[in-house]
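Here are the chains, one letter per residue:
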Amino acid sequence: MIANADALLKPLTIKGLTIRNRVMSTSHAPGYGKEGKPQERYQLYHEEKAKGGIGLTMFGGSSSVALDSPAAPWNQVSVADDSVIPFFQSFSQRIHRHGARLMIQLTHMGRRTKWDTENWFPTVSSSPRREPASRTIPKELEAEEIARIVRDFALAVRRCKEGGLDGCEVSAAHGHLIDQFWSPSVNHRTDRYGGSLENRMRFGREVLEAMRRAAGDDYVIGIRMSGDEMIADGLSHEECVEIAATYARDGLVDFINVLGGQARDDMAHAVSLPNMSFPVAPFLHLPSAIKREVEVPVFHAQRVTDLATAARAVAEGHVDMVAMTRAHIADPHLVKKLSEGREDDIRQCVGAGYCIDRIYVGGDALCIQNAATGREATMPHVIPKADVRRKVVVVGAGPGGLEAARVCAARGHQVVLFEKNAAAGGQINIAAKAGWREALSGIPRWLVGQVVKLGVDLRLGTEASEEAILGEAPDVVIIATGGAPSLGHAKGAERALSTADVLTGKVELSGSVLLFDEMGQHNAASTAEVLATRGCLVEFVTSDRYPAQEVGTTNQPIHYRELYKLGVVFSPNLDLIEIYPEGNRLVAALRNTFTDAEEERIVDHVVVEYGTLPVDGLYRVLKARSVNAGQIDLDAIVAGTPQPFDLAKGFALYRVGDALAGRNIHAAIYDALRLCKDI
Amino acid sequence: MSAAFSATFGLSLLVWLMAAVALAGIAARVALWRKGRAAHVDWAAGLMAMPKRYLVDVHHIVQRDACAARMHMLVAGGLLAGSGLAALGIVPALGGSRVYWALTALAFAIMLTGACVVGLRRYPKRPHRLSGGRFQILPWLLMGYATGALLVAALAALGARGGLVALAFTAAAGLALSSQTARGPMRHALAGALHLAAHPRPARFSGTRDVALAPVDLEAERLGVETPADFAWNRLLGFDACVQCGRCEAACPAFAAGQPLNPKRLIQDLVGAMDGGTNDYAGSPYPHARPVAGTGGVDAPLVGVAAMIHPDTLWSCTTCRACVEECPMMIEHVDAIIDLRRHQTLMLGAVPEKAAAALDDLRDTDEAGGRALSARADFAAGLDLPVLHPGMAVDVLLWLGEGAYDLRHGRTLRALVRLLREAKVDFAILGAAERDCGDLARRLGDEATFARLARENVATLSALRFARILTADPHALNALRNDYPAFGGHYEVWHHTAFLDALVAQGRLPLGTLAGLAVTYHDPCYLGRYNGEVAAPRRLLDALGLARSEMARHGTRSLCCGGGGGAPLSDIEGERRIPDLRMDQARDTGAAVVAVACPTCTAMLEGVSGTRPEVRDVAELVLAAFEAGQGAPAPRRRALELQP
């Protein structure tokens, strides 16, 4: 067992509410809300964590208390009327069944939301200062409106209590209305709500006092706040400590949930939700400082991805509860596994930010490596055993093949996994070669550990052949041979190198490089960083409107920061139309996507990123011999039923991942899980 | 003819003379024993019971080594019968009968056969556990005496001549043999017989295991045992009964692990101390023996570098009672060790460092780790275990024990709680009112702390209404069941394996099967050897459909995990760790799982590194079988969805 595990597994009692251990998940918006209510999908997602041993799970990040803070953006929860109470009741019963506690976050988002949705009310704030992130200019709140919103908070907390929730926190972090009053970067009022810190703290105080009156002294009400806004005109660390100490001393809050930074613009957003480029627990010093000044428990979340760090944070007294929100998205059973001595089975969050990046483009939270998260109604976190033991051959040990082997082996099948390379991991091994993307290697590391533990016959350095596969007399063959880089369709494309050539070290470039990208993903941005770090002069050309257009909002700013620092030149809105030699150099012909104007570059190398094309030679050889001609029954996949093929007549042949069509890690893993769970 | 008759007469006289020599030898020992403290002995009952104790109880132990049992039956039976007949030959009516001497010759022939087996056992190569020295010449003396006496009797029976030469031969061997009674192999015969009659734990002969330690009068001037004279006289007698067969040595886990303890040597050091420190011990030494002066006396200290026994020897003991279980002379080694520890701890404060810290915590906080009593139930946070308060009544009081603080054992307890709930058992815990049971303090010799904890726990329990106590900790079970009655606490105490076994038998826990899982069960010493509960856990495991196999040592003869008696705290260095030895035995069975039933065993065995079977508590296995029997999970409760 890890050091200090006992500190993590100790209960915490707040006002008579006992939380069974020190591990929690903070309120966030997974995008699962429906009609402003936490319905089945939302509840099952949290129930899985409760089953998995979590002490406290908080849901409803930014649940709104008022009509002028709409719930529609990010599919959030509205606590603005009583219709939500029955949902809270079924939700809390569901979580309490497993011994866990359930709380919600209540907030008014102020200017940090949209006006062009739901009821089309203007956004509001302490002062009419535009927020870059939400792109809204808010209306300045009048005293009557302040009183209304204070009342809305009080009504909302009553609904939480009636709904059986164990408590709630108000959000005064990430630039919501309460911290829009606190922060001098927003609040320029001259009335009793502006000016001195005491005045700026007044709105929050009124909210908490009203909530306390509505919910009673025994109901747990906490606050989420920043420990340092880390901007010149924002709240300093000292001011944050003072706010926390004052609210705690005056009995307004029962716990303080501390984070670092704020989220008013792209870079601040990426810092406040640190990805894999950050060290683990980068802002632990902030709750630690606040804990020294307050008597109430202190919570903290921010890239605590492993239990050893979590245990240290609690054991050393920096925090009372440690939030492992993304860690639970990767593995909702992590506390159970810890307490059962199965730490090696924990699927650790790699910090890819796939979950949160999807939310900020209006999607639902999904885990890059755990396809069951958020799909609890259809996908199992614990794979049940199959009734009939089959022989399964999987070709290719990338994420799709590894997941297929893992799930089949967990079903009790006999599994042979061929991998022609010496190491498993597939294209993740290439992606992980790029600078701060190294942590991606955690995905295959866990999968390999599991397949070995489950007894899969993993044949590394062994290329599968038709004879070798048929020699195993398989019932099922799964082709997960992945994709190979495409060099695109420009004239003279054969003169280009692929990003994979650069990352794998197949070529080592120097001089000037034109990097052309039509995918907008991490691949080209990572490659640009690698090339520039090695001294190349890099021009990053893309047909998109801006580089790395498809990279999410917690990752893209990190790419930009690094590429700007390295002097990489960005040239968006250009197509690559031809590459031809001139002397020992290359000329790249480019065409503007809006004007069709053409221009040329003379460079030493052209590197291109066009995604991958399936490696399907083996599939085509086996296809005719299989009982299903290599086809997957889509109706059965969607219905969650076994593929309707008669294995008595021969073997079934399936493809998963990029061997089917070039997509991403999650797609490959989901392909494998949903197919194999019913084999 | 007359020569033959005089030879038989001589033989008769010889036997009487040998008896006199033996009695004179033992008389000197009696004088030494009388220097011990007084002890209540029911002589009449003891002497009456002696034949049964010898022929049944002792025989049960001796016959575990069938060859040794046959050997002893022949040689001792022959010796007693032949010598008895020869002695009575002094009566003319008998001495004149050739048939009588034929019978006598037969008896000595039987003895000679036995004596030859004794010889074959020790020559050409003496087994490791047997002592040499005087014991190595024993077969020659037995053979000499038996051969000579056989010849004398046989010649007389045949009416032949030449008896006097044989008489001279047997006289020399016989007198040498009987002189081995004062200090030598033959002492065991007389001391052993007396020990059976005056045994300090007579209940051991009436079917109970009688393992409760005697409380100490804490007001006495001297606590525990410092010198041989501090032992009760019948304990000293018991030490003299030792025949140095080495069965204790072969069973001792500390000896096997190369720690400086050998129960046989320890008993001989106690005997040697009575003799003034002389010691002609010729058996295996203490492994990696720590040097001591080797001086002693009836009134001289026993333990210390300047005495007979090094403290490391004393603190190596796990109190597993394997030596006691194996001893054919029914010697109580562990009682002696506890008595010696009591003096070290209570009078001298000479406790190993980590053990001293634990005792300090027990004194200050009622808990060996200094942890809050309210934190004992932390493992069950979220399970809402009911706490028993005065005014409530409950069927089962769940005693959590020291192990509840341990994360690993918390898993076991959670499994047990789940099973209790599934079986609808009406149970509660003591919560913060549960103090340490005191087992650790008692085994480390801190009788004062144990007595206080026992009294306070008894007071707590007296105020509560419950029908029985259930615990997953055999140490707590033993303390509550066997040690607390002396402090006024009389409880029906169940170990969880027995309790779950009963629930399964009553059909209250429907089980699926863990078919095919290869498992071997490790008996906790405090459950098996101390309390004789070896059947219930096995019956329970068999109900799970497991493929169960036994380790080389199991049941009441099991090998300790190394965790008892505060040994993990004393932490005396050896060559290997005891749990490694035990795990080797588990590995040899090929089992995938070692089933355990004690938090200490769990911790010790899980501490074994390298590839090894998984360690799982019986409760965890029962829960797995229960869940396997539950089939498909119940249909999911749908969340409330908005109506379209």
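Residues numbered from 1 in each chain as written. Chains lettered and ligands numbered in written order. Predicted model: local features only at pLDDT ≥ 70, side-chain atom pairs only at ≥ 80, totals over all residues.

Enquirer: Outline the overall build of chain A, listing residues and values.
Expert: The helix and strand inventory of chain A stands at 24 helices and 27 strands. Principal axes of the C-alpha set define a box for chain A whose edges measure 75 × 65 × 45 Å. Taking all contacts inside chain A whose residues are at least 6 apart in sequence as the whole, residues at least 24 apart take part in 71%. (Helix = DSSP H or I, 4+ residues; strand = E, 2+ residues; numbered from the N terminus. Contact = placed C-beta atoms within 7 Å.)

Enquirer: Can you tell me about the overall build of chain B, naming the residues and giving the values?
Expert: Each helix and strand in chain B was counted, giving 26 helices and eight strands. Considered along the principal axes of its C-alpha atoms, chain B spans approximately 125 × 55 × 45 Å. Counting the 644 residues in chain B, one finds 53% classified as buried. Across chain B, the fraction of contacts at a sequence separation of at least 24, relative to all contacts at a separation of at least 6, is 78%. (Buried ≥ 20, exposed ≤ 12 C-beta atoms within 10 Å, placed from the backbone.)

Enquirer: So, the packing of helix H15 (residues 399-410) of chain A against helix H24 (residues 665-676) of chain A: which residues are in play, and what are the values?
Expert: Residues and elements named next belong to chain A. Interhelical geometry of H15 versus H24 gives an angle of 25 degrees and a closest axis separation of 8 Å. As judged from the angle between their axes, H15 and H24 are roughly parallel. H15 and H24 meet at a crossing whose hand is right-handed. Where H15 abuts H24, its residues Pro399, Gly400, Glu403, Ala404, Val407 and Cys408 lie against Ile665, Ala668, Ile669, Asp671, Ala672, Leu673 and Cys676. Among the residues forming the contact of H15 with H24, the class breakdown is ten nonpolar, one polar and two charged. (Axes fitted to C-alpha atoms, helices over the stretch in contact; angles between N-to-C directions. Parallel < 35°, antiparallel > 145°, perpendicular 65-115°, else oblique. Left-handed = near helix turned anticlockwise from the far one by under 90°. Nonpolar A, V, L, I, M, F, W, Y, C, P; charged D, E, K, R; others polar.)

Enquirer: I'd like a rundown of the domain arrangement of chain B, residues and numbers included.
Expert: Residues and elements named next belong to chain B. In terms of domain boundaries, chain B breaks down into domain 1 (2-197), domain 2 (221-348), domain 3 (366-503) and domain 4 (518-628). When each unit is reduced to the centre of its C-alpha atoms, the spacing between domain 2 and domain 3 is 34 Å. Of the residues belonging to the side of domain 2 that touches domain 3, the class tally is two nonpolar, four polar and two charged. (Domains from an automatic or database assignment.)

Enquirer: Please set out the pairing of strand E1 (residues 393-399) of chain B residue by residue, giving values where relevant.
Expert: Residues and elements named next belong to chain B. Relative to strand E3 (residues 465-471), E1 is paired through six bridges, and the arrangement is parallel. Within E3, the residue paired with tryptophan 399 across the bridge is threonine 471. Of the strand pairs in this sheet, E1 and strand E2 (residues 427-429) are connected by three bridges, and their pairing is parallel. Along E2, the bridge assignment pairs valine 396 with phenylalanine 427. Each parallel crossover has a hand, and the one from E1 via helix H17 (residues 407-422) to E2 is right-handed. (Pairing = 2+ DSSP bridges. Right-handed = clockwise from strand over helix to strand, strands pointing away.)

Enquirer: Hey, could you go over unusual backbone geometry for me, with residue numbers and the actual values?
Expert: Peptide bonds are mostly trans, and most non-glycine residues show a negative phi. Put simply, Tyr123(B) and Pro124(B) share a cis peptide bond, and its omega is 0 degrees. Secondary-structure assignment places Pro124(B) in the loop between helix H5 (98-122) and helix H6 (134-158). The phi dihedral of Asn4(A) falls on the positive side, at around 65 degrees, and the residue is not glycine. Residue His174(A) is not a glycine yet carries a positive backbone phi of 60 degrees. Take His174(A): it is sitting in the loop between strand E8 (167-172) and helix H5 (177-182).

Enquirer: Residue-level account of the sheet that holds strand E13 (residues 391-395) of chain A, with values.
Expert: Residues and elements named next belong to chain A. Here we have five strands laid out as an open sheet, ordered E15-E14-E13-E16-E27, and parallel in their pairing. The open sheet is flanked by strand E15 (457-460) and strand E27 (652-655), the only strands paired with a single partner. In this sheet, neighbouring strand axes are inclined to one another by 15 degrees on average, regardless of whether the strands run parallel or antiparallel. Summarising the sheet, E13 and strand E16 (residues 476-479) pair through four bridges and their orientation is parallel.

Enquirer: Got a sec to walk through the pairing of strand E22 (residues 574-582) of chain A? Specific residues and values, please.
Expert: All names here are of chain A. Sheet topology places E22 next to strand E23 (residues 585-592); eight bridges connect them, and they run antiparallel. Opposite glutamate 578, over in E23, you have alanine 589 as the bridge partner. The loop that links E22 with its antiparallel partner E23 comprises two residues; one of these, glycine 583, has a positive phi angle of about 65 degrees.

Enquirer: Describe the packing of H5(B) against H6(B), listing the residues and the values that go with them.
Expert: All names here are of chain B. Relative orientation of the contacting elements H5 and H6 amounts to 160 degrees, with a least axis distance of 8 Å. Judged by the inter-axis angle, H5 sits roughly antiparallel to H6. The two elements H5 and H6 meet at a crossing, and its hand is left-handed. Split into classes, the residues belonging to the contact of H5 with H6 amount to 21 nonpolar, four polar and two charged.

Enquirer: Lay out the environment of Ala525(A) in plain terms, naming residues and giving numbers.
Expert: All names here are of chain A. Position of alanine 525 among the secondary structure elements: in helix H20 (residues 522-533). Taking C-alpha positions, alanine 525 is 42 Å from lysine 391, a pair spaced 134 residues apart along the chain. Sequence-distant contacts of alanine 525, defined by excluding residues within four places in its chain, comprise Pro547, Ala548, Val551, His559 and Leu563.

Enquirer: If you had to explain the nonpolar core to someone new, which residues and values would you point to?
Expert: Core analysis: the largest hydrophobic core is formed by 216 residues, its most contacted members being Phe153(A), Ile256(A) and Leu515(A). Apart from the residues lying within four places of it in its own chain, the contact partners of Phe153(A) are Val65(A), Leu106(A), Val170(A), Val207(A), Ala210(A) and Met211(A). One finds Leu194(B), Ala232(B), Ile309(B) and Val334(B) within the second-largest nonpolar core, a separate group that totals 193 residues. (Core = buried A, V, L, I, M, F, W, Y, C linked by C-beta atoms within 7 Å.)

Enquirer: An account of the interface of chain B and chain A is requested, with residue identities and associated values reported.
Expert: At the interface, 13 residues of chain B touch 23 residues of chain A. Here the residues of the side of chain B that touches chain A sort into six nonpolar, one polar and six charged.

Enquirer: Provide a residue-level description of the sheet that holds strand E5 (residues 101-107) of chain A, including the pertinent values.
Expert: Residue and element names in this part refer to chain A. The strand order around the closed barrel formed by eight strands is E3-E4-E5-E8-E9-E10-E11-E12, and the pairing between neighbours is parallel. Mean inter-strand twist for the sheet, computed between neighbouring axes without regard to direction, equals 25 degrees. Running at roughly 165 degrees to E5, helix H4 (residues 143-162) makes contact with E5, E8 and strand E9 (220-226) of the sheet.

Enquirer: Please provide a residue-by-residue account of the domain arrangement of chain A, values included.
Expert: All names here are of chain A. The assigned domain composition of chain A is domain 1 (5-359), domain 2 (391-483 + 615-676) and domain 3 (487-610). Here the C-alpha centre of domain 2 lies 40 Å away from the C-alpha centre of domain 1. Looking at the side of domain 1 that touches domain 2, its residues break down into four nonpolar, three polar and two charged.

Enquirer: Go over helix H3 (residues 66-88) of chain B with me, naming the residues and quoting the values.
Expert: Between the first and last C-alpha of H3(B) there are 32 Å, a value that for 23 residues agrees with the 33 Å anticipated at 1.5 Å per step. Met71(B), His72(B), Leu74(B), Val75(B), Gly78(B), Leu79(B), Gly82(B), Ser83(B), Leu85(B) and Ala86(B) are the residues of H3(B) that are buried. (Expected span 1.5 Å × (residues − 1).)

Enquirer: Any chance you could break down helix H11 (residues 307-315) of chain A for me, citing the residues and the numbers?
Expert: Residues and elements named next belong to chain A. Listed in full, the buried residues belonging to H11 are Leu307, Ala310, Ala311, Arg312, Ala313 and Val314. As for H11, its buried residues are in contact with helix H1 (5-8), strand E3 (23-25), strand E12 (321-323) and helix H13 (334-339). In the stretch just after H11, glycine 317 is the one whose phi turns positive, near 85 degrees.

Enquirer: So what's going on with the environment of Gly36(A)? Which residues, and what values?
Expert: All names here are of chain A. You can see glycine 36 is positioned in the loop between E3 and helix H2 (40-51). Residue class for glycine 36 comes out buried when judged on the 23 C-beta atoms lying within 10 Å of it. Glycine 36 sits 337 residues away from threonine 373 along the chain, and the two C-alpha atoms are 21 Å apart.

Enquirer: If you had to explain the environment of Trp33(B) to someone new, which residues and values would you point to?
Expert: Residue and element names in this part refer to chain B. Structurally, the position occupied by tryptophan 33 is in helix H1 (residues 2-33). The spacing of tryptophan 33 and valine 298 is 265 residues in sequence and 9.5 Å in space, taken between C-alpha atoms. Tryptophan 33 has contacts with Trp233, Leu236 and Leu237, leaving out every residue within four places of it along the chain.

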